[in-house]
Amino acid sequence: MAYTVSPAPAGPVGSQYCVCKVELSICGQNLLDRDVTSKSDPFCVLFMEVDGKWVELDRTETAVNNLNPAFAKKFIIDYHFEEVQKLKFALFDQDKSSTQLYEHDFLGEFSCTLGMIVSSKKITRTLLLGNGKPAGKGMITIAAQELSDNRVITLSMAGRKLDKKDLFGKSDPFLEFYKPGDDGKWMLVHRTEVIKYTLDPVWKPFTVPLVSLCDGDVEKLIKVICYDYDSDGGHDFIGEFQTSVARMCEAQDALPLELECINPKKQKKKKNYKNSGIIIVKSCKVS
Ligand SMILES: [Ca+2]
Ligand SMILES: [Ca+2]
Ligand SMILES: [Ca+2]
């Protein structure tokens, strides 16, 4: 059979064209306090307008007793350049275990187009109540990261001899990973699960986009903070350190990388202070 050039696929149509994934990170500031004996327990719900109706796409985790939450959960959305994608971010104070939004106290909302967030990279806006009035001093910050680079990083982390923070018991350690934002502030990228009652935690391996963790720059300094989880939300700081993906990639299964977890206050006070434990990179793979 004669070789024929197969016809090019039909030209791009509508939303099939120019799609890329965008990751949105959400923080709240000065949220309304809707609990009587403690602070609000905020979570954020993302809606998108579909045929004139708001459809829920996703929700963050709940931050306990925290009026200035940085949510670890990211929203990942397909970005269609030529379409107007209207989004709404609504914050609620979780009062019950119910998933029904009307069961929770409303903390305000903000709506705009995805294009506006992507072009600004990061925006901070006033939250509004249903009547269009500001929700107290409540603000929302939304940061966008285009996931143009497909690489992901998988990290296996553990800890050893971490400081004991709980009066009765040990510690309930978890890790937070931060990267420097364009404004010079540290931006939360990932939070591990909590491992209860131990000073030698082993966290589950986790995978995040490489651009999320370090903007794709393996030499970029990132910060890791270790906390002791407390159910009232007043987590205790154990220690921190800075490293880079390149450095963490030195870890190999047979030879894990050990990093000192430092509490700067303790370091200043105590002459014989060494560290507040060791954080171990058991393995680090970029693929
Ligand atoms: Ca409440
Ligand atoms: Ca509360
Ligand atoms: Ca604890």
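- Where an unreviewed UniProt entry is consulted, the protein appears under the name Copine-2, with the organism given as Apaloderma vittatum.
- UniProt, in the comment section headed Sequence similarities (unreviewed entry), describes the protein in these words: "Belongs to the copine family."
- The annotation that UniProt attaches to the protein under Function (unreviewed entry) is "Calcium-dependent phospholipid-binding protein that plays a role in calcium-mediated intracellular processes. Exhibits calcium-dependent cell membrane binding properties."

**Looking at the coordination of the calcium ion (ligand 3)**
Six octahedral donors at a metal ideally form angles of 90 or 180 degrees, and four tetrahedral donors ideally form angles of 109.5 degrees.
Right, so step 1: Protein coordination at the calcium ion (ligand 3): the donors are Asp166 (OD), Asp166 (OD), Asp172 (OD), Asp228 (OD), Asp228 (OD), Tyr229 (O) and Asp230 (OD), at 2.3 to 2.9 Å from the metal.
Right, so step 2: For the calcium ion (ligand 3), the donor residues sit on a single chain with the sequence spacing D-x5-D-x55-D-Y-D. The same class applies to Asp228 and to Asp230, which are both buried.

**Thoughts on empty space enclosed by the protein**
Right, so step 1: Applying the stated criterion across every chain, the model contains one cavity of 30 Å³ or more.
Right, so step 2: If you add up the space inside the largest cavity, you get close to 30 Å³.
Right, so step 3: Lining of the largest cavity is provided by Glu23, Ser25, Lys74, Lys179, Met187, Leu188, Val189 and Ser212.
Right, so step 4: If you list the elements that add at least two residues to the lining of the largest cavity, you get strand S1 (19-29) and strand S11 (186-191).
Right, so step 5: Top element by residues in the lining of the largest cavity is S11. It accounts for three residues.
Right, so step 6: Grouping the constituent residues of the lining of the largest cavity by class yields three nonpolar, two polar and three charged.
Right, so step 7: Three or more residues apiece are contributed to the lining of the largest cavity by two domains, here domain 1 (17-146) and domain 2 (152-286).

The rules behind the values
- Residues numbered from 1 in each chain as written.
- Chains lettered and ligands numbered in written order.
- Predicted model: local features only at pLDDT ≥ 70, side-chain atom pairs only at ≥ 80, totals over all residues.
- Heavy atoms only, no water.
- UniProt positions renumbered as here; feature names shortened; annotations may be inferred.
- Donors = N, O, S within 2.8 Å, 3.2 Å for Na, K, Ca; no water.
- Buried < 20%, exposed > 50% of the residue type's maximum accessible area, 1.4 Å probe, protein only.
- 1 Å grid on protein atoms, 1.4 Å probe; cavity = no way out; pocket = protein on both sides within 12 Å on 5 of 7 lines; lining within 4 Å.
- Points joined across faces, edges and corners; volume = space filled by probe spheres on them.
- Helix = DSSP H or I, 4+ residues; strand = E, 2+ residues; numbered from the N terminus.
- Nonpolar A, V, L, I, M, F, W, Y, C, P; charged D, E, K, R; others polar.
- Domains from an automatic or database assignment.

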